[in-house]
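Residue-level listing of the chains:
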Amino acid sequence: MAGNNFTEVMFFIFHGFANHPKLQVGVFMMFLFIYLFTVLGNLALTLLIRIDSQFHTPMYFFLSNLAFIDIFYSSTVTPKALVNLQSIQKILSFVGCFVQMHFFVDLVCSECFLLGSMACDHYVAICNPLLYSAVMSQEVCRWLGVIPYMISFTNSLVSICVISTLAFSDASINHLFCNTTGLLALSCMDAFNTEMVIFVLAGFTLLRSLFIITVTYIAIISAILQIRSAAGRQKEFSTCVSNIIGVTVFYGTMIFTYLKPNKSYSLGKDQVASVFYTIVIPMLNPLIYSLRNKEVKNAVSR
């Protein structure tokens, strides 16, 4: 960068909700409540699945993995956001920013693929119940649980490597945490190639897993419509609706944030979308996937 007006960035300053200081106390209390509910709800669900033998099935194995991911990816972002909301100096070191972004991208991508694994499990349970035990064996479940972490770690590592090669002309991030869209907006270099790499990786993760989920649930709904019992159809539809709502909100906000060009970056819209998939969705998952489940409610009562 010799000859250019460039200063090395050693830390980043966050300005999320800085333009609305009167809202920061209310936002802090709301985020704190949601975070505590997220951690306690997902932790309780994980412990319940481990200690109750009736939940030692593939469906609850994936659900416990989802709860694990929600706890840690929410913890990657929310505690620092809470500190920044009450601090005068809302800063994070350059290395700390990229570490936060790496774990966040890794865990969010893992959730995308894990939701695909859960959809496949649901498909086999409804469409091929007689073959369920053979198809969803322990080895298959283990691979469906491990592969998402492996693919996501690679995607996250590549994303961090390409973004770290950029030069930044400003240290102010108009966001609550370090994310790819916020850093790309600060680049003082031509970030077209980097943006395309991020776009391809995000598209591979989001669209491929969303395609699997969409095709799977179309097949599931078709199979449910063939059930003769009205009570049986209602029970299965209730489960499907809950899953579809969770998937729609999660993927909708993720696609809005990452599968769009950098020029369309918008502080307000991106902050609202990021709050949904980083803070709200991890809180909703225990409600969507467990509290609407009669087996879980009965186990909690016991």
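Model, not experiment: these values are computed from the prediction.

Parameters at a glance
Residues numbered from 1 in each chain as written. Predicted model: local features only at pLDDT ≥ 70, side-chain atom pairs only at ≥ 80, totals over all residues. Heavy atoms only, no water. Phe/Tyr/Trp six-rings, centres within 6.5 Å; stacked < 30°, edge-to-face > 60°. Helix = DSSP H or I, 4+ residues; strand = E, 2+ residues; numbered from the N terminus. Buried < 20%, exposed > 50% of the residue type's maximum accessible area, 1.4 Å probe, protein only. Axes fitted to C-alpha atoms, helices over the stretch in contact; angles between N-to-C directions. Parallel < 35°, antiparallel > 145°, perpendicular 65-115°, else oblique. Left-handed = near helix turned anticlockwise from the far one by under 90°. Nonpolar A, V, L, I, M, F, W, Y, C, P; charged D, E, K, R; others polar. Patch = residues over 30% accessible without salt bridge, like charges linked within 9 Å, V, L, I, M, F, W, Y side chains within 5 Å. Areas by Shrake-Rupley, 256 points an atom, 1.4 Å probe, with all protein chains shown as cover. Salt bridge = Lys/Arg side-chain N within 4 Å of Asp/Glu carboxyl O. Contact = heavy atoms within 4.5 Å. Pairing = 2+ DSSP bridges. UniProt positions renumbered as here; feature names shortened; annotations may be inferred.

### Remarks on the packing of aromatic side chains
When we look at a pair of aromatic rings, we describe it by the centre distance and by the angle of the planes. Summed over all chains, the structure comprises 12 aromatic pairs. Taken together, a centroid distance of 5.8 Å and an interplanar angle of 20° make the contact between Phe12 and Phe94 stacked. Remark: Phe94 occurs in helix α3 (residues 94-127) and Phe12 occurs in strand β1 (residues 11-14); sequence separation between them is 82 residues. On the basis of relative accessibility, which here comes to 0%, the residue Phe12 falls in the buried class. For the pair Phe55 and Tyr60, a centre-to-centre distance of 4.6 Å together with 55° between the ring planes defines the contact as tilted. An identical accessibility class is assigned to Phe55 and Tyr60; each is buried.

### Quick notes on the packing of helix α2 (residues 58-85) against α3
Taken N-terminus to C-terminus, the directions of α2 and α3 make an angle of 160°; their axes are 9 Å apart at the nearest point. With respect to their mutual orientation, α2 and α3 come out roughly antiparallel. Of the two possible hands of crossing, α2 and α3 adopt the one that is left-handed. For the contact of α2 with α3, the residue count by class is 16 nonpolar, five polar and four charged.

### Quick look at a nonpolar patch on the surface
A cluster of nonpolar residues, Trp143, Val146, Ile147 and Met150, forms a patch on the protein surface that exposes about 380 Å² of accessible area. With respect to the secondary-structure elements, Met150 resides in helix α5 (residues 138-164).

### Considering the side chain of Ser117
Here Ser117 lies in helix α3. Accessibility expressed as a relative area gives 6% for Ser117, which makes it buried. For Ser117, the residues in contact, after removing those within four places along its chain, are Phe62, Leu144 and Pro148.

### Let's talk about the environment of Arg208
Looking at the element boundaries, Arg208 is found in helix α7 (residues 192-225). Given the relative accessible area of 46%, Arg208 is considered partly exposed. On a C-alpha basis, the gap between Arg208 and Gly116 in space is 9.1 Å, while along the polypeptide they are 92 residues apart.

### A closer look at the sheet that holds strand β2 (residues 91-93)
Read from one edge to the other, the open sheet built from three strands follows the order β2-β1-β3, with strand pairing classed as mixed. Edge positions in the sheet fall to β2 and β3 (172-173), since each of these pairs with one other strand and no more. Sheet topology places β1 next to β2; three bridges connect them, and they run antiparallel. Among the inter-strand pairings, Phe12 is bridged to a residue of β2, identified as Leu92. Against the sheet, α3 makes contact with β1, β2 and β3, and its axis sits at roughly 90° relative to β2, the strand it touches most.

### Some points on the UniProt feature "transmembrane region" (unreviewed entry) in the protein chain
UniProt's entry tags residues 27-48, 146-168, 196-225, 237-259 and 271-291 with the feature "transmembrane region" (unreviewed entry), counted in the numbering of this structure. Counting secondary structure, residues 27-48 comes out at 100% helix and 0% strand; the distance between its end C-alpha atoms is 31 Å. Summarising residues 146-168: 83% helix, 0% strand, and an end-to-end C-alpha distance of 36 Å.

### A short note on the pairing of β1
Side chains Phe12 and Phe14 of β1 all project onto a buried face; the interleaved residues Phe11 and Ile13 project onto a face where none is buried. Taken together, the two bridges between β1 and β3 define a ladder with parallel strand orientation. Looking at the pairing, Ile13 lines up with Ser172 of β3.

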